[in-house]
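# Survey of secondary and tertiary structure
Here's the letter readout for the chains.
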Amino acid sequence: GRDSVTLVYLVEPLGFWDAAAFSVFARILSGSMASPLFQELREKLGLVYELDLTFSERGPDYSYFYFHCPTNRRNFGNAGSIFRRVLESLASDTIVRGHRMIQRRRRLEFTNPIDACHRLGADYDAVSDLARWGRPISFGDIASVEDALTPDDFFRVQRFLLEREPLAIEITTD
């Protein structure tokens, strides 16, 4: 069976800029094998083999940021303190390096010119874009905002998470 614990932080509805800051911050924390949360949980502690830390926006009235840690249930109590320790220890150079890595990866992965204009594809939800932002949002729009984010934007996200207690959701399977 697979055990996991998820820490959820409820967030007020976000504008485009703040949503991008939370999303990029999540990728800085755990979006690569060199990310600080992956390094701590996998390389130093051997607690996980995969890591999925993400920000996801829901509806007009709320948003959330979550940390999902698939690990043995005996490690559930440590997951929150490890996540907090990694958040507290994030330095400006780690954030800047992570942000640059995300930018480089996006430039290398860009393959379809139409995506830069309209994000057309099977999973594209134009109705959500219209409801949230008043117009369709392109990959180019997202990339421009993500590139313009500064360390101060990420430190604001970091402070937000450190100043709040998450809801803990423990999931066990037998």
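Below, the structure is looked at part by part. Please read all numbers here as calculations on a predicted model, not as lab measurements. (Residues numbered from 1 in each chain as written. Predicted model: local features only at pLDDT ≥ 70, side-chain atom pairs only at ≥ 80, totals over all residues. Heavy atoms only, no water.)

## Remarks on the pattern of salt bridges
Our working rule: The salt bridge criterion pairs a side-chain nitrogen of Lys or Arg with a carboxyl oxygen of Asp or Glu, the two atoms within 4 Å. Counting from the N terminus, the helices are the DSSP runs of H or I reaching at least four residues and the strands are the DSSP runs of E reaching at least two. Burial classification: accessible surface area is computed with a 1.4 Å probe over protein chains only, and a residue below 20% of its type maximum counts as buried, one above 50% as exposed, and the rest as partly exposed.
Under the definition given, this model contains 11 salt bridges. With a shortest N-O distance of 3.9 Å, Asp93 and Arg97 are connected by a salt bridge. Here the residue Asp93 and the residue Arg97 both occupy positions in helix 4 (residues 92-109), the gap between them amounting to 4 residues, near one helical turn. Relative accessible area serves as the criterion here: at 48%, Arg97 is assigned to the partly exposed category. The salt bridge partner of Glu146 is Arg106, with a shortest N-O separation of 3.0 Å. Here Glu146, found in helix 7 (residues 139-148), pairs with Arg106, found in helix 4; they are 40 residues apart in sequence, far enough to count as distant. Judged by relative accessible area, Glu146 falls into the buried class, the value being 6%.

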